[in-house]
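# Examination of the molecular architecture
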Amino acid sequence: MDYQKFLDRQFVMTDAGRIDRVRDLYTTFNPHVDLQAMIDGGYMEALEEMMESILMNLDDHSPEVIAYWAKHGMVKEFHGENTPFSWTEYAAKTGYEWKANPVDAPQNNQRRWNSFVPVSAFDPANKDRKYPVIFMLHGGFNPISVIDGWGLPLEASKREFIVIAPSIELDDVLEDILEEAKALYPIDESRVYVCGFSYGGFMSNYLGNKRPDLFAAVCPCGAPISDGYCEKAIGPEPQPPFDGKARAKQMGTYMPVMNIYGNLDGFRFPLYDAKAFNPRIMNRDELPSATKTYVDGLNHWIRVNKGQEIDLDAVMALKGREDVSPEEKNMGLPLAPECRHTVVADGITNYIADFPSEDGIVRTRLMCEMNMPHWPTPEMARQILDFCSHFSRDRKTGESIYHA
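Residues numbered from 1 in each chain as written. Predicted model: local features only at pLDDT ≥ 70, side-chain atom pairs only at ≥ 80, totals over all residues. Heavy atoms only, no water.

### Describing the overall build of the protein chain
Stated precisely, the cut-off is as follows: Secondary structure elements follow DSSP: runs of H or I no shorter than four residues count as helices, runs of E no shorter than two count as strands, and numbering proceeds from the N terminus. The quantity called the radius of gyration is restricted to C-alpha atoms. Its globule counterpart is 2.2 Å times the number of residues to the power 0.38. Residue burial is assigned from relative accessible area. The probe radius is 1.4 Å, only protein chains are included, and a residue is buried under 20% of its type maximum, exposed over 50%, and partly exposed in between. Any two residues whose heavy atoms approach within 4.5 Å at even a single point are treated as in contact. Per-residue and other accessible areas were derived by the Shrake-Rupley procedure at a 1.4 Å probe size, with only the shown protein chains allowed to occlude residues. Positive charges come from Lys and Arg alone, negative charges from Asp and Glu alone, with His and the N- and C-terminal ends not counted. By convention, the charge on Lys lies at NZ, on Arg at CZ, on Asp at CG and on Glu at CD.
Broken down by element type, the protein chain carries 14 helices and 14 strands. Its C-alpha atoms give the protein chain a radius of gyration of 20 Å, near enough to 22 Å, the size a compact globule of 404 residues would have. With the C-alpha coordinates of the protein chain rotated into their principal frame, the extents come out at 60 × 55 × 45 Å. Expressed as a percentage of its 404 residues, the buried residues of the protein chain come to 56%. When contacts within the protein chain are restricted to residue pairs at least 6 apart in sequence, long-range pairs at least 24 apart make up 68% of them. Roughly 16,400 Å² of accessible area belongs to the protein chain as shown, and the carbon and sulfur atoms make up 50% of that amount. Taken as two groups, the 41 positive and 60 negative side-chain charges of the protein chain have centres that lie 3 Å from each other.

### As for helix H9 (residues 199-210)
Applicable threshold: To estimate how far a helix should extend, the number of its residues minus one is multiplied by 1.5 Å.
Helix length check: H9 (12 residues) gives 16 Å between terminal C-alpha atoms against 16 Å at 1.5 Å per residue, within 8%. Buried residues dominate H9, accounting for 11 of its 12 residues. Listed as buried for H9 are Tyr 199, Gly 200, Gly 201, Phe 202, Met 203, Ser 204, Asn 205, Tyr 206, Leu 207, Gly 208 and Asn 209.

### Some points on the packing of aromatic side chains
Stated formally: Pairing of aromatic side chains here covers Phe, Tyr and the six-membered ring of Trp, requires ring centres within 6.5 Å, and sorts the geometry by plane angle: under 30 degrees stacked, over 60 edge-to-face, intermediate tilted. Note on geometry: a ring has a charge over it if NZ (lysine) or CZ (arginine) is within 6 Å of the ring centre and within 35 degrees of the ring normal.
Tallying each qualifying case throughout the model produces 18 aromatic pairs. Ring plane angle 85° and centroid distance 6.0 Å describe the contact between Trp 150 and Trp 375, whose orientation is recorded as edge-to-face. Of the two residues, Trp 150 is situated in the loop between strand E5 (131-137) and helix H7 (152-159) and Trp 375 in the loop between strand E12 (362-369) and helix H14 (378-388); the sequence distance between them amounts to 225 residues. Its guanidinium or amino end placed over the ring of Tyr 261, Arg 268 lies 4.8 Å from that ring's centre, counting from NZ or CZ. Between Arg 363 and the ring centre of Tyr 254, over which it is positioned, the NZ or CZ distance is 3.6 Å.

### Quick look at the sheet that holds strand E7 (residues 187-197)
Each strand in a sheet pairs with its neighbour through backbone hydrogen bonds, running either in the same direction (parallel) or in the opposite one (antiparallel). Spelled out, the test is: Strand pairing requires that DSSP identify at least two bridges connecting the strands. Orientation is described by lines fitted to C-alpha atoms, with helices fitted over the stretch in contact, and by angles between N-to-C directions that extend from 0 to 180 degrees.
The 10 strands lie next to each other as E3-E4-E6-E5-E7-E8-E9-E12-E11-E10, forming an open sheet whose pairing is mixed. Each end of this open sheet is capped by a strand with a single partner; those strands are strand E3 (74-79) and strand E10 (340-345). Ignoring which end each strand starts from, the neighbouring axes of this sheet average 20° apart. Note that strand E9 (residues 257-262) and E12 share six bridges and pair parallel. Across the sheet, residue Val 257 finds its bridge partner in E12, namely Thr 364. Running at roughly 135° to E3, helix H5 (residues 63-71) makes contact with E3 and strand E4 (113-118) of the sheet.

### Quick notes on the packing of helix H4 (residues 43-55) against H5
Selection criterion: Put simply, angles under 35 degrees are roughly parallel, angles over 145 are roughly antiparallel, angles from 65 to 115 are roughly perpendicular, and the rest are oblique.
Contact geometry for H4 and H5: axes closest at 9 Å, N-to-C directions at 140°. Taken as axis vectors, H4 and H5 run oblique relative to one another. On H5, the residues that touch Glu 49, Glu 52 and Ser 53 of H4 are Val 65, Tyr 68 and Trp 69.

### Some thoughts on the layout of surface pockets
Cut-off, in case you're wondering: Put plainly, a pocket is an open set of points on a 1 Å grid over the protein atoms alone with protein on both sides within 12 Å along at least five of seven lines, a cavity is a set where a 1.4 Å probe fits but cannot get out, and a lining residue has an atom within 4 Å of a point. Grid points are joined across faces, edges and corners, and a volume is the space filled by probe spheres set on the points. Throughout this entry, Asp, Glu, Lys and Arg are counted as charged residues, while Ala, Val, Leu, Ile, Met, Phe, Trp, Tyr, Cys and Pro are counted as nonpolar. The remaining residues, Gly among them, count as polar.
Within this model, the largest pocket holds a volume of roughly 910 Å³. Around the largest pocket, the lining is made up of 29 residues, and of these Ser 198, Asp 265, Phe 277, Pro 279 and His 374 lie nearest the centre. Grouping the constituent residues of the lining of the largest pocket by class yields 18 nonpolar, eight polar and three charged.

### Digging into empty space enclosed by the protein
Scanning all chains against the criterion turns up two cavities of 30 Å³ or more. Quantified by volume, the largest cavity comes out at close to 60 Å³. Lining the largest cavity, in full, are Phe 11, Val 12, Ser 53, Ile 54, Asn 57, Leu 58, Asp 60, Ser 145 and Val 146.

### Describing the pattern of salt bridges
We apply this condition: Salt bridges are defined by distance alone: a side-chain nitrogen of Lys or Arg within 4 Å of a carboxyl oxygen of Asp or Glu.
Going through the model one piece at a time under the given rule, you end up with 36 salt bridges. With a shortest N-O distance of 3.4 Å, Glu 52 and Arg 9 are connected by a salt bridge. With Glu 52 in helix H4 and Arg 9 in the loop between helix H1 (3-7) and strand E1 (10-12), the pair connects residues that are 43 residues apart, well separated along the chain. We classify Arg 9 as partly exposed; its relative accessible area is 22%. For Arg 247, the salt bridge is made with Asp 243, and the minimal N-O distance between the two is 3.2 Å. In this structure Asp 243 comes out as partly exposed when scored by relative accessible area, which is 38%. Shared partners join several salt bridges into a network, and the residues in it are Asp 171, Glu 175, Lys 210, Arg 211 and Asp 213.

### Re the environment of Ala 46
For Ala 46, the location among the structural elements is in helix H4. Residue classification places Ala 46 among the buried residues on the basis of a relative accessible area of 11%. As for Ala 46 and Glu 338, which are separated by 292 residues in sequence, their C-alpha atoms are 29 Å apart. Apart from the residues within four sequence positions on either side, Ala 46 is in contact with Asp 346 and Pro 378.

### Re the packing of H7 against H14
Stated formally: Whether a crossing is left-handed or right-handed is set by the direction in which the near helix is turned from the far one by less than a right angle, anticlockwise for left-handed and clockwise for right-handed.
Orientation of H7 relative to H14, taken along the N-to-C sense of each, is 50°, at an axis distance of 9 Å. With respect to H14, the element H7 is oriented oblique. Of the two elements, H7 crosses H14, and the hand of that crossing is right-handed. Contacts between H7 and H14 involve Leu 152, Glu 155, Ala 156 and Arg 159 on the former and, on the latter, Ala 381, Arg 382, Ile 384, Leu 385 and Asp 386. Classifying every residue of the contact of H7 with H14 by side-chain character gives five nonpolar, no polar and four charged.

Structure below.
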């Protein structure tokens, strides 16, 4: 493999059409990444496979890209591209008025969504079969086409999940899209999940708190661990202010959640030394501590899922210790042996922390990807679908059901 040639390959990074190179993800925007370690470990080959569909052609509608997905057993289809979205009508309907972000974000102007559907779903022999569906939410100012190269559709093709990539990520819009998708595809309503990366990670966190009636599990990635609270709309896509109170607790049910991000994604790990990220400051010693913020966010989800909360003092007591496990040292969390795991995939070491509910089922999980900046990985997609596959939701009662 010619690594330098691969790192110079281009893709569409923003909804306004900005073109970036692969190397921008791993060197230009984060000087702390050990690129040689990625090359030596075999990660670049896995990354090339994951991103191939957005690197082969800058137009995700091209016959070449459609043929790529067909080769992988997925039918990629486009919906609502000529359907304008009226925020004036939305305000009249909901009472929520949104003022557009001054930075151009064209995805807010149309109610678009792309779908990836296993070829088997169109076989008459499978007319009674229902398929799980996962919404993958884009990042701030990303086009929905970037999701093609984030690993989830590729992994979903192997497990026969339907993937939906929407341009607008509000819960009522997603619910309407789900209804449209149900009319087109054989969707299992009890197995509907949402995940997202970056801003999409924030929104999946937000939706996990707000809509346990709709989603069976959520996987926020590349976003701060939090309760999904916001006082006002943030980011390029709008969302009404939310009180952050977990509706799952009000419903007397669970909301399974897995949060994933890199240790070089905003100086969040180890948690005992977590810092409040500022993209203009690369020296973590100049940044204020964010340990309590992240521990509070993690404890929010542990409470939702009726587990044993993490003690802030116990987190801080890990700092400087060498007599702890690699998971505890690198994640900065006190973890019982049965609650910590290490997975090495594609040359990347991933540390996993489990926080069991009172019945012993792991409904809250956190993963740290070592030497990884702000970008998805193939293992992220595998872990998301593994985690989600254990949960379904009774849409009538709201009960969260665990499948071993």
